[in-house]
Amino acid sequence: MTDQDIDPATMRKQYRSEIVLEETLAEHPMDQFALWFQQAADSHLFEPNAMVVSTATPDGRPSSRTVLMKQFDGRGFVFFTNYASRKGRELAENPYAALLFPWHPISRQVIVTGTAARIGRDETAAYFRSRPHGSQLGAWASEQSSVIGSRAELDRRYAELDARYPEGEQVPVPPEWGGLRVVPEAVEFWQGHENRLHDRLRYVLDEGEWRVERLCP
């Protein structure tokens with residue numbers, strides 16, 4: 001047992017926001033996401049593109065981590081990773097994923113469920129070349145999710161790469177690094193309200209068409 005100076009059971013916030021009605025939503029969930037994402041960015045949230053990505057093994061053992069969403073359009077949401085990482089391996093064996101955008105300062109969340117697939121190597125290369133030089137080297141230096149002996153070993157790998165590919169020299173795209181696109185099957189827009197009577201409006205893909213349903217909070 002540990003000593004606690006703060007009791008989490010007493011921690012609560014009363015949300016006060018505008019009611020979200022079905023008739024105010026965009027027809028397509030990605031259009032509604034674009035609107036809320038812009039509002040999150042305009043509110044100066046720290047990294048509004050940060051999202052929790054949840055995956056699972058074929059036998060249902062889940063894992064979660066926070067990554068940065070780097071692209072979104074009508075096809076879905078894209079993030080980049082080492083395909084040999086835990087999430088990469090799990091999605092290769094079980095393509096179902098959940099995304100959570102936790103925009104707590106504006107009392108909002110967006111929750112996405114769908115399937116993930118690798119994007120094309122040309123798309124991956126285009127994004128990789130837009131990254132800072134140090135981030136490109138880091139993608140090579142880190143065998144993501146694998147055990148490493150020490151921080152010094154990681155720094156040594158990076159230093160060797162920095163000597164091989166100095167600033168200004170093109171760094172090749174790692175073969176096991178690339179983008180994954182989560183294609184949504186359901187997208188929930190959550191708006192916090194007082195007395196825990198939150199708005200939960202979920203788009204569900206039904207025979208190629210999106211319909212909206214309201215969930216109890």
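Look above for the structure.
What this report covers is the structure whose coordinates are included nearby. If you're wondering where the values come from, they're calculated on a predicted model, not measured in any experiment. (Residues numbered from 1 in each chain as written. Predicted model: local features only at pLDDT ≥ 70, side-chain atom pairs only at ≥ 80, totals over all residues. Heavy atoms only, no water.)

**Details of the overall build of the protein chain**
(1) Moving on: For the protein chain, the count of helices and strands is five helices and nine strands.
(2) Moving on: When the helices and strands of the protein chain are listed from N to C terminus, the series reads α-β-β-β-β-α-β-β-α-α-α-β-β-β.
(3) Moving on: Expressed as lengths along the three principal axes of its C-alpha atoms, the size of the protein chain is roughly 55 × 55 × 40 Å.
(4) Moving on: Of all intrachain contacts in the protein chain linking residues separated by at least 6 positions in sequence, the fraction that spans at least 24 positions is 65%.
(5) Moving on: About 12,900 Å² of surface is accessible on the protein chain, with carbon and sulfur atoms providing 51% of the total.
(6) Moving on: Here the protein chain contributes 25 positive and 32 negative side-chain charges, whose respective centroids are spaced 4 Å apart. (Helix = DSSP H or I, 4+ residues; strand = E, 2+ residues; numbered from the N terminus. Contact = heavy atoms within 4.5 Å. Areas by Shrake-Rupley, 256 points an atom, 1.4 Å probe, with all protein chains shown as cover. Lys, Arg positive; Asp, Glu negative; His and termini not counted. Charge placed at Lys NZ, Arg CZ, Asp CG, Glu CD.)

**Examining the packing of helix α4 (residues 133-141) against helix α5 (residues 151-164)**
(1) Moving on: Closest axis-to-axis distance for the α4/α5 pair is 9 Å, and the angle between their directions is 125 degrees. Between α4 and α5, the crossing angle belongs to the class labelled oblique. In this structure, α4 crosses over α5, and the sense of that crossing is right-handed. Of the residues in α5, those in contact with His133, Gly134, Leu137, Gly138, Trp140 and Ala141 of α4 are Leu154, Arg157, Tyr158, Leu161 and Asp162.
(2) Moving on: Taken together, the residues of the contact of α4 with α5 break down into six nonpolar, three polar and two charged. (Axes fitted to C-alpha atoms, helices over the stretch in contact; angles between N-to-C directions. Parallel < 35°, antiparallel > 145°, perpendicular 65-115°, else oblique. Left-handed = near helix turned anticlockwise from the far one by under 90°. Nonpolar A, V, L, I, M, F, W, Y, C, P; charged D, E, K, R; others polar.)

**Concerning the pattern of salt bridges**
(1) Moving on: Taken as a whole and assessed by the stated rule, the structure comprises 15 salt bridges.
(2) Moving on: Among the salt bridges present, the one from Asp59 reaches Arg61, with a minimum N-O distance of 3.8 Å. For the pair Asp59 and Arg61, one class covers both residues: exposed.
(3) Moving on: Salt-bridge contacts for Asp155 lead to Arg151; the nearest nitrogen and oxygen are separated by 3.1 Å. Placement of both Asp155 and Arg151 in helix α5 is noted, with a separation of four residues, approximately one turn of the helix. (Salt bridge = Lys/Arg side-chain N within 4 Å of Asp/Glu carboxyl O. Buried < 20%, exposed > 50% of the residue type's maximum accessible area, 1.4 Å probe, protein only.)

**What about the packing of aromatic side chains?**
(1) Moving on: Counting across every chain of the model gives 16 aromatic pairs.
(2) Moving on: Consider the rings of Phe33 and Phe77, whose centres lie 4.9 Å apart with planes at 90 degrees: the pair is edge-to-face. With Phe33 in helix α1 (residues 29-42) and Phe77 in strand β4 (residues 76-82), the pair connects residues that are 44 residues apart, well separated along the chain.
(3) Moving on: A relative accessible area of 0% places Phe33 in the buried class.
(4) Moving on: A centroid spacing of 5.2 Å and a plane angle of 85 degrees characterise the contact between Trp36 and Phe189, whose relative ring orientation is edge-to-face. (Phe/Tyr/Trp six-rings, centres within 6.5 Å; stacked < 30°, edge-to-face > 60°.)

**Let's talk about the pairing of strand β8 (residues 199-206)**
(1) Moving on: Relative to β8, strand β7 (residues 177-191) runs antiparallel, the two sharing six bridges. Paired with Val187 across the two strands is Tyr203, which belongs to β8.
(2) Moving on: Pairing between β8 and strand β9 (residues 209-214): six bridges, direction antiparallel. Within the sheet, the bridge partner assigned to Leu205 lies in β9 and is Trp210. (Pairing = 2+ DSSP bridges.)

Just distances and angles here, no functional claims.
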